[in-house]
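# Fold and geometry: a report
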Amino acid sequence: ERAMSAPETQTFTENPLLSVVPGPVVVPHAFREPHTRDFAASYVEEAFFLTLERVEDKMKRLLRAPQCDAIIMNGEAMLALWGALKSVIVQGDRVLAIATGIFGCGIAEMAKDIGAHVKTVTFAFEESALDVERIQKAAQEFQPKLITMVHCETPSGLLNPVEPIGKVAREVGALLYVDFVSSGCGVALEVDAWGIDLGLLGSQKVLSLPPDLCVITVSSRAWDIIGQVNYKGYDALQDWKDHIVKRSIPYTHNWHAIAALETAADFFLAEGATNTWIRHEDVAQMCRERLTAMGVKVFGRPDHSIPSPTVTAAYIPPGWDWPRLDATLRTKGVIVSGSFGSLAGKIFRIGHMGSQADKERIGKVLDVLEEIFTH
């Protein structure tokens, strides 16, 4: 794997507006260009199926998922979260949900809405799911059909370990469903090796594209259950089984977005996974160190949490509130993000993922924060 020497049109500092929200991230011009082209009808063109097959293979390479299928669907990442759930569980099925934040809790509620019997292993939002023994005990007692978890809890900026939970899932014969929407392609991730049966990704995070596609990695174990459930709907996975061989897709696909995804995939493949992960780690470390030096407390419990390389959450300093901080930063052309639910008004977030994992860009934002916090 080699570092990419990107042409000037692919630089990550071309937009003068300093938006660093943790998705949708800034879309580089080169990634937008395919949206300006004309394409024919995707569902009848051999050229489209050849492109789709090629892009799916590139996504499998990026996600370290050679034994899985990669399904690319029209729609924002929530389509993947719902579609994967509805494709493998029915009313009365047992689902063990690991919840360390808002999205982990949300997936548990989604499974309940489908009619599943849900047991939730809850951690404090300031913690990562490091107590694997507690998860293992719950799984052995509950014997779930599906275990759900979030790799990166974007609202709190914390990462959860996937590999040990994959082992737990195998021990109890459960499928493992992992939301890696805001970590996939930017953080060390091994879909096959870690036993992820359903891996969920959105185009608007690390991939640095508009929020118009989602990617789902599907294991052979998951396909078996998908066939048994046979869920029908726009977000159903069953209709994507062997779609390349059959030259059949369930709706008109967004050829423009698929072409843009190939541009992004080529960029990250050329950069090399290890180099991409290091780039994200370096920017994240710089961000956290500079915030700490300003006296700003980074969110998370030391020794009980893993800060994400793709997003940093920090407490709003005393004397400030979120509306004032947001308004002050906007006057200086900077946009960061607040948070949701119980974290709303308590923390702010900086997204350093994909195109925004750039020291110059994040450094400028930190300069502005330092200016307003210390004067």
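Now for a description of the structure that goes with this document. In this text the structure is predicted, and so the values were computed from the model without any measurement. (Residues numbered from 1 in each chain as written. Predicted model: local features only at pLDDT ≥ 70, side-chain atom pairs only at ≥ 80, totals over all residues. Heavy atoms only, no water.)

### Comments concerning the overall build of the protein
Counting its regular elements, the protein contains 12 helices and 14 strands. Seen along its three principal axes, the alpha-carbon backbone of the protein occupies a region of about 60 × 55 × 35 Å. Residue burial in the protein is summarised as follows: out of 375 residues, 59% are buried. In the protein, the proportion of contacts linking residues at least 24 apart, taken out of those at least 6 apart, comes to 73%. A total accessible area of about 14,700 Å² is found for the protein, and carbon and sulfur atoms account for 51% of it. (Helix = DSSP H or I, 4+ residues; strand = E, 2+ residues; numbered from the N terminus. Buried < 20%, exposed > 50% of the residue type's maximum accessible area, 1.4 Å probe, protein only. Contact = heavy atoms within 4.5 Å. Areas by Shrake-Rupley, 256 points an atom, 1.4 Å probe, with all protein chains shown as cover.)

### Thoughts on the layout of surface pockets
Counted as a void, the largest pocket has a volume near 290 Å³. For the lining of the largest pocket, a count of residues per class yields 11 nonpolar, five polar and four charged. What the second largest pocket holds in volume is close to 240 Å³. In this structure, the second largest pocket is lined by 13 residues; those nearest its centre are Glu-56, Lys-60, Asp-69, His-243 and Ile-244. Elements that contribute at least two residues to the lining of the second largest pocket include exactly helix H2 (46-62), strand E2 (69-74) and helix H8 (243-246). Per element, the largest residue contribution to the lining of the second largest pocket is four residues, and it comes from H2. Its residues placed into classes, the lining of the second largest pocket shows six nonpolar, one polar and six charged. (1 Å grid on protein atoms, 1.4 Å probe; cavity = no way out; pocket = protein on both sides within 12 Å on 5 of 7 lines; lining within 4 Å. Points joined across faces, edges and corners; volume = space filled by probe spheres on them. Nonpolar A, V, L, I, M, F, W, Y, C, P; charged D, E, K, R; others polar.)

### So, the sheet that holds strand E11 (residues 306-307)
Backbone-to-backbone hydrogen bonds pair the strands of a sheet. The strands run either parallel or antiparallel. Judged by pairing direction, the sheet is antiparallel, and its three strands sit side by side in the order E6-E7-E11 without closing on themselves. Edge positions in the sheet fall to strand E6 (152-153) and E11, since each of these pairs with one other strand and no more. In this sheet, E11 lies alongside strand E7 (residues 158-159) in antiparallel orientation, the contact comprising two bridges. In the sheet register, Leu-158 faces E11, and the bridge partner there is Pro-307. (Pairing = 2+ DSSP bridges.)

### Brief notes about the pattern of salt bridges
Close approach of charged atoms allows side chains with opposite charge to pair. Going through the model one piece at a time under the given rule, you end up with 20 salt bridges. Measuring nitrogen to oxygen at the nearest pair gives 2.8 Å for the salt bridge that ties Glu-33 to Arg-37. For Glu-33, a relative accessible area of 35% puts it in the partly exposed group. The salt bridge involving Lys-112 is made with Glu-109; its shortest N-O contact spans 3.3 Å. (Salt bridge = Lys/Arg side-chain N within 4 Å of Asp/Glu carboxyl O.)

### Regarding helix H5 (residues 132-142)
Here H5 has its buried residues at Val-132, Ile-135, Ala-138, Ala-139 and Phe-142. Take H5 and look down its axis: the buried residues cluster within an arc of 125°, on one side only. Residues of H5 that are exposed and angled more than 90 degrees away from the buried face: Glu-133, Lys-137 and Glu-141. In this structure, the buried residues of H5 make contact with strand E3 (94-99), strand E4 (117-122), strand E5 (146-150) and helix H6 (163-172). At the C-terminal side of H5, Gln-143 shows a positive phi close to 50°. (Arc of directions from axis to C-beta.)

### Concerning the packing of H2 against helix H9 (residues 255-271)
Two packed helices can be described by the angle between their axes and the distance between those axes. At a minimum axis distance of 10 Å, the contact between H2 and H9 shows a crossing angle of 35°. Handedness of the crossing formed by H2 with H9: left-handed. Only Trp-255, Ile-258, Leu-261, Glu-262, Ala-265, Asp-266, Phe-268 and Leu-269 of H9 make contact with H2, whose side of the interface consists of Ala-47, Phe-48, Thr-51, Leu-52, Arg-54, Val-55, Lys-58, Met-59, Arg-61 and Leu-62. Taken together, the residues of the contact of H2 with H9 break down into 12 nonpolar, one polar and five charged. (Axes fitted to C-alpha atoms, helices over the stretch in contact; angles between N-to-C directions. Left-handed = near helix turned anticlockwise from the far one by under 90°.)

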